[in-house]
Amino acid sequence: MTSIGYMYRLREATGADVRRVVHQCVGVPCWTFGGASLWDIIPEDGSANLRPITKLSDIDHLDLRGDFGHAFSERAEVRWKRLDDDAYDVLILSETELSIEGARPITCEGAPWEIERPAKAMILQTDKRPAINYVLYRAPLGALQLVRLAGLAEEERP
């Protein structure tokens, strides 16, 4: 039996919309990261313009600075790309069908996404940071399309 994944896109969302969608779909606590290479960049800070994965316990503290960001948990992942001062293109990935105001579903030519949740494989981080669980999103013929971050390894979850 194939498991189904869902993708949604919210175009030209505001910062308030991003916070609403993260709170609704991902929930808190969750994990988040992001960064700058164009918006809000401080060139002399180098790699410090990229924020490491950190725990988020209050949606009001979700950092939207920079060009992009991610928030993820076991429930879902929300990714955003900054378009303008307060405009974002948002992608939502979930293994549960969602109803998100203003978002449209994304399918693979009308077919649902197939997902695989590896039982033991994890994304390893440097600096002794905990490993990250993930879900693979595949097109109906099996081609890998996206990797959804799905929380920290069992012993490190918030």
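One can find the structure itself at the top, above this paragraph.
Structure report, in brief. Here the structure is a predicted model, which means the values were calculated and not measured.

### A few points about the overall build of the protein
Of regular secondary structure, the protein possesses one helix and ten strands. From first element to last, N terminus to C terminus, the protein shows the α and β order β-α-β-β-β-β-β-β-β-β-β. Judged by the C-alpha coordinates and their principal axes, the protein covers about 50 × 40 × 25 Å. Per-residue burial for the protein yields a buried fraction of 42% across its 158 residues. The contacts of the protein with a sequence gap of at least 6 include a subset with a gap of at least 24, amounting to 61%. Approximately 8900 Å² of the protein is accessible, and the part contributed by carbon and sulfur atoms is 52%. The distance from the centre of the 19 positive side-chain charges to the centre of the 25 negative ones in the protein is 4 Å.

### As for the side chain of glutamate 95
Residue position: glutamate 95 is located in the loop between strand 6 (87-94) and strand 7 (104-106). In terms of polar contacts, glutamate 95 uses its side chain to reach the side chain of tyrosine 137, at 2.7 Å. Reaching out from glutamate 95, the side chain makes a polar contact with the side chain of arginine 148 at a distance of 2.6 Å. Sequence-distant contacts of glutamate 95, that is, excluding residues within four places in its chain, are made with Ile4, Gly5, Tyr6, Glu74, Arg75, Ile115, Arg117, Val135, Tyr137 and Arg148.

### Some remarks on the pattern of salt bridges
Throughout the structure, instances matching the rule amount to eleven salt bridges. For aspartate 40, the salt bridge is made with arginine 82, and the minimal N-O distance between the two is 2.6 Å. Here aspartate 40, found in the loop between strand 2 (30-35) and strand 3 (50-56), pairs with arginine 82, found in strand 5 (residues 76-84); they are 42 residues apart in sequence, far enough to count as distant. The class for aspartate 40 is partly exposed, based on a relative accessible area of 42%. For arginine 82, a relative accessible area of 11% corresponds to the buried category. A salt bridge links aspartate 85 to arginine 82, with the nearest nitrogen and oxygen atoms 4.0 Å apart. Judged by its relative accessible area of 56%, aspartate 85 falls in the exposed class. One connected set of salt bridges, linked through shared partners, spans Glu74, Glu95, Arg117 and Arg148.

### Comments concerning a nonpolar patch on the surface
A cluster of nonpolar side chains, namely Ile123, Leu144 and Val147, defines an oily patch on the protein surface of about 210 Å² accessible area. Secondary-structure assignment places valine 147 in strand 10 (residues 144-152). The exposure class of valine 147 is partly exposed, given its relative accessible area of 33%.

### Notes on the pairing of strand 1 (residues 3-13)
For strand 1 and strand 8 (residues 113-116), the ladder comprises three bridges, and the chain directions are antiparallel. Within strand 8, the residue paired with glycine 5 across the bridge is tryptophan 113. Of the strand pairs in this sheet, strand 1 and strand 6 are connected by six bridges, and their pairing is antiparallel. When the bridges of strand 6 are listed, alanine 13 appears paired with tyrosine 88. Here three bridges tie strand 1 to strand 7, and the two strands are oriented antiparallel to one another. By the bridge assignment for strand 7, tyrosine 8 is matched with proline 105.

### So, the pairing of strand 10
Sheet topology note: the strand 9 (residues 132-138)/strand 10 ladder contains six bridges and is antiparallel. Pairing of tyrosine 134 across the sheet is with leucine 149, part of strand 10. Hairpin geometry of strand 9 and strand 10 is characterised by an intervening segment of five residues between the two adjacent antiparallel strands and by a positive phi of about 100° at glycine 142.

Analysis parameters
- Residues numbered from 1 in each chain as written.
- Predicted model: local features only at pLDDT ≥ 70, side-chain atom pairs only at ≥ 80, totals over all residues.
- Heavy atoms only, no water.
- Helix = DSSP H or I, 4+ residues; strand = E, 2+ residues; numbered from the N terminus.
- Buried < 20%, exposed > 50% of the residue type's maximum accessible area, 1.4 Å probe, protein only.
- Contact = heavy atoms within 4.5 Å.
- Areas by Shrake-Rupley, 256 points an atom, 1.4 Å probe, with all protein chains shown as cover.
- Lys, Arg positive; Asp, Glu negative; His and termini not counted.
- Charge placed at Lys NZ, Arg CZ, Asp CG, Glu CD.
- Polar contact = N/O pair within 3.5 Å; in protein donor to acceptor, adjacent residues only side chain to side chain.
- Salt bridge = Lys/Arg side-chain N within 4 Å of Asp/Glu carboxyl O.
- Patch = residues over 30% accessible without salt bridge, like charges linked within 9 Å, V, L, I, M, F, W, Y side chains within 5 Å.
- Pairing = 2+ DSSP bridges.

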